[in-house]
Structure formats: C-alpha cells, structure tokens
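Structural overview for review
For reference, the chains in residue letters:
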Amino acid sequence: ESVQKEDLIQAVLIADNYDDFFSPVTDIPCLMPLVNRPLLDYTLQCLAAARVQEVIIFTALHSQKIKKFISGGRWGRMTVNVVVSDGCRSLGDALRDLDAKALIRSDFILLTGDIVANLKLLPALERHKKIQKMDSGAAMTIIYKECGQKLRSDEDQIYLAVDSNTDRILLHHRCNSVKKNINIEVSLLLEHENIDMRCDLLDTKICICSVTVPPLFSDNFDFQTRDDFVRGLLMDEEILASTVYSYVLPSTEYAASVTSWQNYHYISHDVIHRWTYPLVPDVFVDEHYSYKRKHIYIQEDITLAQGCSLFEDVVIGGGSIIQENAEISNSVIGKKCKIAANSCVTNSHLFSNVTVESGCKIDYCVIAEGCVLKKGVKLTSCIVGPGVVLDKDKVLINLRLQSTKPLGEFEALSEKAYIYVPDDEDDNEEESGSESDIEGNRKRIWRGLKLDPPHIPVEDTSESEASASERGSPIQDDTNLFYNEVVDSLQRGYEDKLPCVNLVLEVNSSRYAYNVTVNEVNYYVVKAILTLKDDFSWEALSAKLKYFMPLFVNYMRNEMAMADCLQAIEDCREMHPQLDLVIMKLIHLLYNKDILSEESILKWYKNPRPDSIKEIRKKVQPFIKWLEEAEMSESEEE
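The name given to the chain in an unreviewed UniProt entry is Translation initiation factor eIF2B subunit epsilon, and the organism recorded there is Panstrongylus lignarius. A UniProt comment under Sequence similarities (unreviewed entry) is attached to the chain, and it reads "Belongs to the eIF-2B gamma/epsilon subunits family." UniProt's Subcellular location (unreviewed entry) comment on the chain is quoted here verbatim: "Cytoplasm, Cytosol".

So, about the layout of surface pockets. Here the second largest pocket is characterised by a volume of approximately 1,200 Å³. The wall of the second largest pocket is formed by 44 residues, among which R37, P38, D41, F69 and D286 lie closest to the centre. Elements with a minimum of two residues in the lining of the second largest pocket: α1 (39–49), α2 (63–71) and α4 (122–134). Broken down by class, the residue content of the lining of the second largest pocket amounts to 23 nonpolar, nine polar and 12 charged. Taken together, domain 1 (10–257) and domain 2 (288–419) each give at least three residues to the lining of the second largest pocket, which thus spans both.

A few words now on the state of the cysteines. Tallied over the entire structure, the rule returns zero disulfides. Free of any disulfide, C209 has its nearest cysteine sulfur in C207, 3.8 Å distant.

Read from one edge to the other, the open sheet built from three strands follows the order β8-β7-β9, with strand pairing classed as antiparallel. At either margin of the open sheet sits one strand with a lone partner, and together these are β8 (169–174) and β9 (195–198). Neighbour-to-neighbour, the strand axes of this sheet turn through a mean angle of 10°, independent of strand direction. Relative to β8, strand β7 (residues 158–163) runs antiparallel, the two sharing five bridges. Residue pairing in the sheet places I158 in a bridge with R174 of β8.

Before going further, it helps to spend a moment on the side chain of T276. By secondary structure assignment, the location of T276 is in the loop between α9 (261–272) and β13 (290–292). At 2.7 Å, the side chain of T276 and the backbone oxygen of L279 are in polar contact. Every residue in contact with T276, bar those within four places of it in the chain, is listed here: V116, N118, Y254, D270 and V271.

Before going further, it helps to spend a moment on the environment of K625. For K625, the location among the structural elements is in helix α18 (residues 614–637). Sequence separation between K625 and L602 is 23 residues, and the spatial gap between their C-alpha atoms is 9.9 Å.

Here the focus is the packing of aromatic side chains. By the definition in use, this model includes 16 aromatic pairs. Aromatic side chains Y547 and F548 sit 4.8 Å apart centroid to centroid with 80° between the ring planes, which places their arrangement in the edge-to-face category. The class for F548 is buried, based on a relative accessible area of 0%. Here Y591 and F623 contribute two aromatic rings whose centre-to-centre distance is 5.7 Å and whose plane-to-plane angle is 70°, an arrangement assigned as edge-to-face. Taken together, the residues Y591 in helix α16 (residues 583–592) and F623 in helix α18 connect sequence positions 32 residues apart.

With that out of the way, let us pick up the pairing of strand β10 (residues 201–209). For β10, the tally of buried residues reaches nine of nine residues, placing the bulk of the element in the interior. Pairing between strand β4 (residues 108–112) and β10: four bridges, direction antiparallel. Bridge assignment links F108 to a residue of β10, and that residue is C209. Alignment of strand β6 (residues 138–146) against β10, held across seven bridges, turns out to be antiparallel. Across the sheet, residue I143 finds its bridge partner in β10, namely I206.

Calculation criteria
- Residues numbered from 1 in each chain as written.
- Predicted model: local features only at pLDDT ≥ 70, side-chain atom pairs only at ≥ 80, totals over all residues.
- Heavy atoms only, no water.
- UniProt positions renumbered as here; feature names shortened; annotations may be inferred.
- 1 Å grid on protein atoms, 1.4 Å probe; cavity = no way out; pocket = protein on both sides within 12 Å on 5 of 7 lines; lining within 4 Å.
- Points joined across faces, edges and corners; volume = space filled by probe spheres on them.
- Helix = DSSP H or I, 4+ residues; strand = E, 2+ residues; numbered from the N terminus.
- Nonpolar A, V, L, I, M, F, W, Y, C, P; charged D, E, K, R; others polar.
- Domains from an automatic or database assignment.
- Disulfide = S-S within 2.5 Å.
- Pairing = 2+ DSSP bridges.
- Axes fitted to C-alpha atoms, helices over the stretch in contact; angles between N-to-C directions.
- Polar contact = N/O pair within 3.5 Å; in protein donor to acceptor, adjacent residues only side chain to side chain.
- Contact = heavy atoms within 4.5 Å.
- Phe/Tyr/Trp six-rings, centres within 6.5 Å; stacked < 30°, edge-to-face > 60°.
- Buried < 20%, exposed > 50% of the residue type's maximum accessible area, 1.4 Å probe, protein only.

Now the structure itself:
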C-alpha cells in the first residue's frame, strides 16, 4: 500500500500552454519569471524536493529554449528528459503521443510547468495506491488545496461533489460564463450515503495517474483537456470502468498554478510572504537575496539613492538602480532595471532591463523585459510586451501593448507601442457552450492583474423583487467580507474588553483568509473603529480611540498607511456628517499620539480628491494653520 524504495517515481510535465493568454508578454509561460525566477524552475525544484526520480517534459512548440533552460539547471539526483512532438495542440494529444511512445511504466504524476508548490507528493502517491487496492478502476487522484474565500478568477472556481467516505469525485463542474446552474443526478444522492459539496478548493493542476490514463486518452479522441477526461469518466463510468478521486493537501503545504494574470499576482504575493518556503528568494543558493523587514528582498549589487522609499512586499533584482524620491510597494523589480526620480511603482511586476523615467506612475501592471517608459507616463492595469517604448506623458488604462505593428491598419500609440491584437480576434467569442478546462481551447476573457468582484447574474424577478434588489446591499465580494469580519471582531473585543493584541491576530487572520492588500487593511480597520456603534460624539469617539490605540500603532507604520488612515476618516465623514463636529479633534489627537505625521496631514490637506467635500478641509483649517505656523517658527529658530 506504500511507495517502495525501488519504485520509480515518474512525473510528466506539460510545458506548453496551448493558448496565447499570456501574450504579448511571452509565448512560453513556463519560462516567464515569477519573483525574478522562471516558473519552470519552481516546478522542478518542487519535484526534486518531493523525491521524484524522473521527469518527462513534453513540449511541441519551444523545445530548443526549454532544452537550453534544462541544460543549465541542477535538481539533485532527479533526471530530466525533454520529449518533443510536433503537431500536438492539447493535453490529450500529448498523452496520446506518450502512450504511443510507451514512455510510461507505472503510476505517474501529471502536472503543468507553471506550478509553485512546496507539497510532499509521497503521501498523495501512497493514498492513490491504497485506493487502487480497493478500486481497481481508480484512474486518477486530483490534488486540491483548500483556499477558503481567497480571491480567485473564474477559471479557478470549481464545484465538486465528493463521497465523504472514499473521496471519490461524483460531480466536477468548473465555473464559466455560459453555464451557471449545477445539476446533480438524483441517482447519486440515492447511491451514496454521505456526499460533500465543495466550492472551497483550488485545483493545483497536479494529479496522480494510473498507467491506464494514457490508453484512455488514446481510446477517446474527444478527450482534449483534463476536464474532458474527468467529465467523460463521470458520464460514462459503466462503459469506461474508471473512477476519479480527490486528495486535499494539509494546511501546512502550498500549491498553485499560474493560469491567469490574477493568479500570477497573488502567487507572487504568497512567495514574497513565504507561504512557499523553502521556495523563497533568500533561500535559493544560485541567486541569493537579503531578506529585510516588511518582506523586502534585495540583491547585493543594487543602487538605492537617498530618499527612495521601499514600503513593503518589494523584491529588487541585481544591477537595478532606484533613484531619489522613487516609491515602490507591493512590486517585483527585475534585474538591471532603472527607476528614475519621483516615480511610483505599486502592485506591479517589472521584468529585466526595464527603464522607468522620472515622474512615472505604474499600478497593477506587468512590464516585460527591455521596455522604456518615458517621463510622466501613467499606466494602470496594463500588460506591456517586450521592447515597448512609450512616449512621455502617456496615460493608459487596461490595455495590452506590443512593440511590433499588427497586421492591418492600426494606429501606433508611440513609435514602438501598439495595442495588442490576438491572432484569433475575429473568432466568435460567444460560440461554444463548452465547459473545457483552461488547458484547452475555450476562449477566455482577458483581465489584468486586479480581480474584480465576481459578477453574479440575476434571474428574472418581479418588479417588486427587482426594485428591492436595487435598494439592497451590494454583492459580497472578499473585501466586503473582510470588512464585516473586522467589524465583528472589533465590536466583540470592545464589548468584552479583550486585549488589542488578540484583535490584531484576528484582523491579520482575516486578511490572509480574504487576500486583501495592506492598504485595504489599514483603511478598513480605521473605518471600522470610527463607525463602531454609530456614536460620533467626542466622548464616545475618544473612548474608542483610547481603547483601540494599539491597533493604530500596529498598522499606521509609514506614510502610505497614514494616507490610508486619513482617506478612511474623510470617507467616514462623507457617510456620517456628524463627524464634522469632531474631525479636527480626531486628527489632532492622532497627531499628538504620533499616529499621523505632520507631513502626511499636510500632504492630505493640500491634495484633495476631485470628489472631496470642501467642508472637511474647512473644518480642519485652523489645525492646519497651526501646523504650518509651528513649522515656520521652528525653521526661523534654526
């Protein structure tokens, strides 16, 4: 029932992506850098650590580049072989080709080349062998990871019906924009006493396969993706005499696959926050990083000018130059990049040799190697391909850019910047009700790094129901769920007078459960404190501030956090005009307690949002005047 020492542990790694979803950044996603390291390296490091002895990398499109990468790597005693087969355009084609070549000799691990994981595979293999003893038709065990309410793109959302006694999968439904309803056969409910319905699992794209899997693909040419395979086995169980099982990873292990830009962003975040340990930048021997406070990783040969700011969750590759007054947070900077003075990079990923000139602002973007952003460029939610050059003062939102001119009549944004046009743009995106997995040919909607709240269609309702829904609360996305949990925690803590250190632990736990950003944590903690019990008298407010002061001290640690705090105060005033009477006292108190700095208050006051209410700044004007006069008197004394 266990994996013996003499058993050869094989893994089949599918290196090709079979779509152009990551274009124009790359056409080989498995070699794309994630936190300045190729994705394929993470996958192979994981397999080597899991004591896999032989890896067969299957590719049909980019064999030379993959062979070159493999030739320069070291993965202990694990042997890595590249199998090339022209003409394969799907996972099904690859497995049929492997079956024809008779390369599979025993149970094997099937996975893609874009996986970041620190899991132990032997327990899953042993579980699969144990199942085979009880069920000779067991063909596959799919490995899942519990992810709770973590942000997921549509492609990640799956619904499973699992026999709770055997872990056998009875229903497998992947969410898509075509089919929203889930139908469960009554016979399943009658045949199985205990069934778990799961929607909290993330498909790791790793599975344990029996030797019967390649022949099953060979016998069924309509199996193009792994989802096709699973669905076919569930629909024709009696004919194919094969079953599929699930295996859920322990909470201490991590595994995720980069299937979209959203996944890429939050997996990078997980690596930076060390959920993937030992696969973290400062542990890799060949390219060592120094690990600093606030999850900052830097290599030794970088240049940091005086006055530049690295806030948190920052990785900077070797040879990069960060000039004065540049600000970087929640971002990865590749090797030999240059970030010029007064530029701001947030929530973004810059590959190697990227030049960002002065005054640029980049938020939620991927910038591929060799790009140049000239003075004053502002990019939001853009994916920029290699070699793009953007002229100064360009402002672009939610675009994919390429450096070469597409076929046809297309206007250039700059001399070397064009809007990316997919090869299949003219295809009918609305066709096919297929539930094909993202490994296959289903047309996917492009999105940037940032996940929008999921769209939930509303069925036909009566007029009264429709009008009620308009007045009702908004859809509960993960940010709202996080805020509700924070309010509950703080209210309970305030009523029971719990130590604030316990509340910090609860807030941080909710943060990781819902995958919210640090800025959102700062903002919603302040908002929750101010609106607690809806009592805005100074007596009540000062009592709350006195009790929750340890939370302010814990979260308001830098200028960015102070800006979040002031924004929360302003937004609370917009919703609760009663705060007008105490807003100056509130900001003054936070200033006296060293929660807000003079610089942060003056910057907030002098840079209002276009939609800001003018009365707010009128109310705090006396305090601002006092600050400015105090600053002038100090400078005169000096």
